[in-house]
Amino acid sequence: MTTIADPGPTDKSVLYDQDSHVSSAVWDGQERGVLRCHEHTSMLEQWKLTPEQIELVEKAGFGYLRVIPSFSLDNSLISALVERWRRETNTFHFPVGEMTITLEDVALILGLAIDGKPVIGASSNTPSSVCEALLGKAPEDLNGGMLKLTWLKESFSKCPEDASPEVIERYTRAYLLYLVGSTVFSTTTGNKVSIMYLPLFENFDEAGKYAWGAAALAFLYRTLGNASLKSQGTISGSLTLVQCWSYYHLNLGRPKINEDTSGRFPFALRWKGRQSGSRSTSNIIAYRKALDSLTPCDVQWLPYKDLDFSVVPEHIKDNLDLRRSKTMLICFDKAEKHMPDRCLRQFGLPQSIPEKVKRWEKKIRTPGPGKDLTNDAESEAKVKLQAELKEWLERKLLIVEVGDDVDESEYMQWYEKITRRFLGRPESLESEFQRTVAAMKEIASIAESVSIDRMDSRDKKLLNEIKSSVHNCLTEIVGEARKGRRKSVSKRKRSDDSNSRED
């Protein structure tokens, strides 16, 4: 009987939450399937912005995010990556070492500012009064401080041609709220966005001074961490960022490059995105296997070094040093640690053994959706976030440096002890064979069920070719399996005969 190796970690000082992690459930044979991925970008193109609105969007800091088209998400790829995410370290744990989505990735892929004021809220009153003041009206079903994205689109997607400056600003605020609610701050509560972001768009010039990229990354870290728990089945946040990050860094499920956008920014525009494909569990198993066997050759540690940086705006280029800042990222009630010291090879530096992981409570009690964000409440939030805000204010003093005497072999020896080495159980050839046969039979069944009544001769010919190919493939597979079994029986018989003669 084959002994299945312990997947780890053997040293639980880092991944102390292993029992709650989805990888424990996968190892026990409790597949949760593909995550439900919540990103609501498909309707963004229905918003018709005037030149005046576009100018305000750019002032607010979202001019580049606005031009990123809707991506068809590869739910299986995202689900497989989440299985490798660890909220103890805010990193992916791969066989080659730790990697993560950094401030550099947010800045270059989404074009969001990674330097500026922390996104912690603005002085306001009740959600209803905020809507009335900044949008000119409020929906009747404003429950829990959450606005329906559909209400925003139906009410504000087309600004009147003769609109006054005040009306143009209201329509633009509605668009910005829809934009962040459908992308970087998307939630698992369905087609809704929290009203708490709206006061930040009261003044467009002031909105442009926030570190939206850092807030988006804090939000994403939290949603990745939540989705990595075996009790969860959904994920939100900027999944376009996750998918594009994977395309840039890992040779896994990549689509073709959009050649006609090679000179444009942000760098998300380089990818065509996944146009179609299955959401079946078999896809996540295939991705899981690929990640389990990931080698250094499958990783691009410095994917942006050969790209055209002349298209990157100066305010982003000037702050890229923050990619190595070991600081705290803040987005309202979410404070998450940015840990570039664990992923130094992503900056062209040798990887040393990082500092010991400190256990800390991630949930910070600050005003959430539906709560008043008055001056007193905001002051209280700042007090509760005092240590985190101090780190953010000192972000440029927290740049990680590396010595000259780093031995990466020592890091890998340490890493193999503290990590989860693989997720999927080694599978027998018999199981693989049975799954392949089942898949081929399913294809044959689908082909047989297709109606040919309205098909032209060319389509009928193609369908017959598919049926023939599947039939031949099944015949060949079954034939090889029988041949293999005959050889095995013959080999056992010869062995038995030999043992009898020896007796």
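How each quantity is defined
- Residues numbered from 1 in each chain as written.
- Predicted model: local features only at pLDDT ≥ 70, side-chain atom pairs only at ≥ 80, totals over all residues.
- Heavy atoms only, no water.
- Buried < 20%, exposed > 50% of the residue type's maximum accessible area, 1.4 Å probe, protein only.
- Helix = DSSP H or I, 4+ residues; strand = E, 2+ residues; numbered from the N terminus.
- Pairing = 2+ DSSP bridges.
- Salt bridge = Lys/Arg side-chain N within 4 Å of Asp/Glu carboxyl O.
- Phe/Tyr/Trp six-rings, centres within 6.5 Å; stacked < 30°, edge-to-face > 60°.
- Lys NZ or Arg CZ within 6 Å of the ring centre and 35° of its normal.
- Contact = heavy atoms within 4.5 Å.
- Polar contact = N/O pair within 3.5 Å; in protein donor to acceptor, adjacent residues only side chain to side chain.
- Core = buried A, V, L, I, M, F, W, Y, C linked by side-chain atoms within 4.5 Å.

Q: Would you mind showing me how to read the pairing of strand β3 (residues 91-94) here?
A: Remark: a regular strand shows side chains that alternate across the two faces of the sheet. Along β3, one buried face is formed by T91 and H93 and the opposite face, lined by F92 and F94, is buried too. Judged from the 2 bridges that link them, strand β2 (residues 85-86) and β3 form a sheet pairing that is antiparallel. Counterpart to W85 in the pairing with β3 is F92. Connecting β2 to the antiparallel partner β3 that follows it, the hairpin turn spans 4 residues, and N90 within it adopts a positive phi of roughly 55 degrees. Across 3 bridges, β3 lies against strand β4 (residues 97-99) in antiparallel orientation. Across the sheet, the residue bridging to F94 is G97, located in β4. In this antiparallel pair of consecutive strands, β3 and β4, the connection spans 2 residues.

Q: Teacher, can you tell me more about the pattern of salt bridges here?
A: As a working rule, side chains carrying opposite charge can pair if their charged atoms are close by. Taken as a whole, this structure holds 25 salt bridges when the rule is applied. Because the salt bridges share partners, they merge into one network encompassing E31, E83 and R288.

Q: Just to check I follow, could you spell out the packing of aromatic side chains for this structure?
A: One pair of aromatic rings is described through two measures. These are the centre distance and the angle between the planes. Per the counting criterion, the structure on display carries 26 aromatic pairs. Their ring planes at 65 degrees and their centres at 5.5 Å tell us that W47 and Y175 sit as a pair that is edge-to-face. Of this pair, W47 sits in the loop between β1 (36-37) and α2 (51-59) while Y175 sits in helix α8 (residues 165-182), and the two are 128 residues apart along the sequence. With a relative accessible area of 6%, W47 lands in the buried category. Here the aromatic rings of Y197 and F332 are separated by 5.4 Å at their centres, their planes lie at 90 degrees, and the arrangement is edge-to-face. With Y197 in the loop between β6 (192-194) and α9 (204-207) and F332 in the loop between β8 (328-331) and β9 (334-337), this residue pair connects regions lying 135 residues apart in the sequence. When sorted by exposure, Y197 lands in the same class as F332, which is buried. Between K117 and the ring centre of Y210, over which it is positioned, the NZ or CZ distance is 4.5 Å. We note K137 situated over the ring of F156; from NZ or CZ to the ring centre the distance is 5.3 Å.

Q: It is not clear to me how the side chain of T100 should be interpreted in this structure. Could you clarify?
A: For T100, the position within the fold is in the loop between β4 and α5 (103-110). Residues contacting T100, with those up to four places away along its chain left out, are W85, N90, T91, F92, D105, Y221, W245, C343 and Q346.

Q: Sorry, what's going on with the side chain of E98 here?
A: Checked against the element boundaries, E98 lands in strand β4. Note on E98: relative accessible area 1%, which makes it buried. Among the polar contacts listed, one links the side chain of E98 to the side chain of T91, at a separation of 2.6 Å. A distance of 3.4 Å separates a polar atom in the side chain of E98 from a polar atom in the side chain of H93.

Q: Where do I start with the pairing of β9 in this structure?
A: Along β9, one buried face is formed by K334 and E336 and the opposite face, lined by A335 and K337, is buried too. Sheet topology note: the β8/β9 ladder contains 4 bridges and is antiparallel. Looking across to β9, one finds that M328 is bridged to K337. Counting the residues that bridge the hairpin from β8 to β9 gives 2 residues, and of these F332 lies at a positive phi of roughly 55 degrees.

Q: Can you walk me through the nonpolar core in this structure?
A: Side chains that are nonpolar tend, in soluble globular proteins, to be buried together. Among the nonpolar cores identified, the biggest contains 114 residues, and F62, F94, L147, L152, Y197 and L250 are the most heavily contacted of them. If near-sequence neighbours (up to four positions away) are discounted, L250 is found in contact with L81, F94, M99, W245, L291, L294, D298 and V299. Ranked by size, the runner-up nonpolar core spans 7 residues in total, among them V14, L15, V357 and Y411.

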